[in-house]
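Architecture at a glance
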Amino acid sequence: MVRITMNKRVGLFGGSFDPVHYGHLAIAEDARLALGLERVIFMPAARQPLKQGQHGAAPEARLAMVRLACAANPAFEVSALEIERAGPSYTITTLEALGAEYGELVLLLGADAAADLPRWRAAERIAALAHLAVIERPGQHFDSGQLLAALPQLSSRLTVLRGPQIAISSTMLRQRAADGFSLRYLTPDPVAEYIHTHQPYNATTGKSQD
């Protein structure tokens, strides 16, 4: 696999992607262009520490769907690092593993995840290893005051993006899949076909907005 040179900025986009949808893809592309990123690495989590027991599909299925979704964009890369690593998917461990390989990392976070950042393991170390780009949710404005009060070292390393404002959630897709409704135009066709074939959500009623 070809790797980028060390002077390039690379976005890191983690999450459950349960399942991945057009909102995720639009956020990644919008951030790539707005921040001048060489590429965006999608990093599906095996088990998110603050979302225990809330994943609908198995890690391998979520990884497969992200690969299908990103295949058409050469600026998108998919990493199985957190899926293959045992235990909870701590962002600090991922950043430490990728830092030597990619150079300048920009961590892409939704506004809700960014608000929780001070609770994450080694949050101050995360702030030292990566720039942070916070993407606002549809109809919501992110107030960075509390985050900067908790992690003042982010004051020169934080960017807030309005994002594409696409109101699609993985929760909605899981419920639609469980109810047998079409996912077309909500997620790429290969992902919709994967869900139709493998049925990872036939009993899922997840509540988290991810």
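Shown above is the structure to which this text applies.
Just so it is clear, the model here is predicted, and its values are computed rather than measured.

**Some remarks on the packing of aromatic side chains**
Counting across every chain of the model gives four aromatic pairs. When the ring of Phe13 is compared with that of Phe17, the centres are 5.3 Å apart and the planes differ by 90°; the resulting orientation is edge-to-face. Just as Phe13 is buried, Phe17 falls in that class too. Through a chain of ring-to-ring contacts, three or more aromatic side chains come together here, namely Phe13, Phe17, Phe42 and Phe76. When the ring centre of Tyr90 is taken as origin, the NZ or CZ atom of Arg121, which lies over that ring, is 3.9 Å away.

**Remarks on the sheet that holds strand β5 (residues 130-135)**
The sheet built from six strands is open, its strands ordered β3-β2-β1-β4-β5-β6 with parallel pairing. Of all the strands in the sheet, just β3 (76-78) and β6 (158-161) have a single pairing partner and so form its edges. Going across the sheet, the axis of each strand differs from the next one's by a mean of 25°, ignoring polarity. Note: β5 against β6, four bridges, orientation parallel. If you follow Leu132 over to β6, its bridge partner there is Leu158. Helix-sheet contacts for helix α1 (residues 22-35) involve β1 (9-15), β2 (39-44), β3, β4 (104-110), β5 and β6, and the interaxial angle to β2 is about 145°.

**Here we look at helix α4 (residues 91-102)**
Given a rise of 1.5 Å per residue, twelve residues ought to cover 16 Å, and the 15 Å separating the end C-alpha atoms of α4 matches this to within 8%. If you check which residues of α4 are buried, you get Thr91, Ile92, Thr94, Leu95, Leu98 and Tyr102. The arc that holds the buried residues of α4, viewed along the axis, is 145°, so those residues lie on one side. At the C-terminal side of α4, Gly103 shows a positive phi close to 90°.

**What to know about the layout of surface pockets**
Roughly 230 Å³ of internal volume is contained in the second largest pocket. For the lining of the second largest pocket, the element with the most residues is helix α9 (residues 189-198), which contributes three residues.

**Brief notes about the pattern of salt bridges**
Counting across every chain of the model gives eight salt bridges. Glu104 is paired through a salt bridge with Arg9; the nearest N and O atoms lie 3.1 Å apart. One end of the pair, Glu104, is in strand β4; the other, Arg9, is in strand β1, and 95 residues separate them in sequence. A relative accessible area of 25% places Arg9 in the partly exposed class. Its salt-bridge partner being Glu82, residue Arg85 comes within 3.9 Å of it at the nearest N-O pair. Accessibility classification places Arg85 together with Glu82 in one group, the buried group.

**What to know about the side chain of Thr187**
Locating Thr187 in the fold gives a position in the loop between α8 (170-178) and α9. The class of Thr187 is buried, set by a relative accessible area of 0%. Of note is the side chain of Thr187, whose polar atom sits 2.9 Å from the backbone oxygen of Val20. If near-sequence neighbours (up to four positions away) are discounted, Thr187 is found in contact with Val20, His21, Tyr22, Leu173 and Ala192.

**Quick word on the nonpolar core**
Ranked by internal contacts, the top residues of the largest apolar core, which has 37 residues, are Val20, Leu35, Val40, Phe42, Met65 and Leu108. Those elements that provide at least two residues to this core are α1, β2, α2 (59-70), β3, β4, β5, α8 and α9. A total of six residues in this core trace back to one element, the largest contributor, which is α2. Ranked by size, the runner-up nonpolar core spans 25 residues in total, among them Leu12, Met43, Leu98 and Ala123.

**With respect to the pairing of β1**
Counted residue by residue, β1 has five buried out of seven residues, so it is predominantly covered. Pairing between β1 and β4: five bridges, direction parallel. Within the sheet, the bridge partner assigned to Leu12 lies in β4 and is Leu107. As defined by bridge partners, β1 adjoins β2 across six bridges and the pair is classed as parallel. Each residue of the ladder has a partner; that of Leu12, found in β2, is Ile41. Once you follow β1 into α1 and on to β2, the crossover reads as right-handed.

Rules behind the numbers
- Along each chain, residue indices are assigned from 1 in the same order as the chain's sequence is written.
- With pLDDT at 70 or above as the cut-off, local features in this predicted model cover only qualifying residues; side-chain atom pairs require 80 or more to be listed or tallied, and sums for whole chains, interfaces and linings still use all residues.
- Excluding hydrogens and water, the side-chain values take into account all heavy atoms of the structure.
- A pair of Phe, Tyr and Trp rings is counted when the ring centres sit within 6.5 Å of each other, with Trp represented by its six-membered ring. The angle between the planes then sorts it: under 30 degrees is stacked, over 60 is edge-to-face, the rest tilted.
- To sort residues, take the accessible area from a 1.4 Å probe on protein chains only and compare it with the maximum for the residue type: under 20% means buried, over 50% means exposed, and anything in between is partly exposed.
- A ring is scored as having a charge over it whenever the NZ atom of a lysine or the CZ atom of an arginine sits within 6 Å of its centre and within 35 degrees of its normal.
- Any two strands with at least two DSSP-identified bridges between them are counted as paired.
- Strands here mean DSSP runs of E at least two residues long; helices mean DSSP runs of H or I at least four residues long; both are numbered from the N terminus.
- The axes used here are C-alpha line fits, helices contributing only the stretch in contact, and every angle between their N-to-C directions lies in the interval 0 to 180 degrees.
- Note on definitions: a residue-residue contact is assigned when non-hydrogen atoms from the two residues lie within 4.5 Å.
- The span one expects for a helix is its residue count, reduced by one, times 1.5 Å.
- Regarding the arc, it is the one traced by the directions from the helix axis to the C-beta atoms.
- Buriedness for pockets is judged along seven lines, at least five of which must meet protein on both sides within 12 Å for an open set on the 1 Å grid over protein atoms alone, while cavities are sets there where a 1.4 Å probe fits but cannot get out, and lining residues have an atom within 4 Å of a point.
- Grid points are joined across faces, edges and corners, and a volume is the space filled by probe spheres set on the points.
- Salt bridges are defined as contacts in which a side-chain nitrogen from Lys or Arg sits within 4 Å of a carboxyl oxygen from Asp or Glu.
- In the analysis that follows, any N or O atom pair within 3.5 Å is treated as a polar contact, provided that within protein one partner can donate a hydrogen and the other can accept it, and provided that, for residues neighboring in sequence, both atoms belong to side chains.
- Throughout, nonpolar core names a set of buried Ala, Val, Leu, Ile, Met, Phe, Trp, Tyr and Cys residues whose side chains join them through atoms within 4.5 Å.
- With strands facing away from the observer, any crossover in which the path from the first strand over the helix to the second runs clockwise is taken as right-handed.

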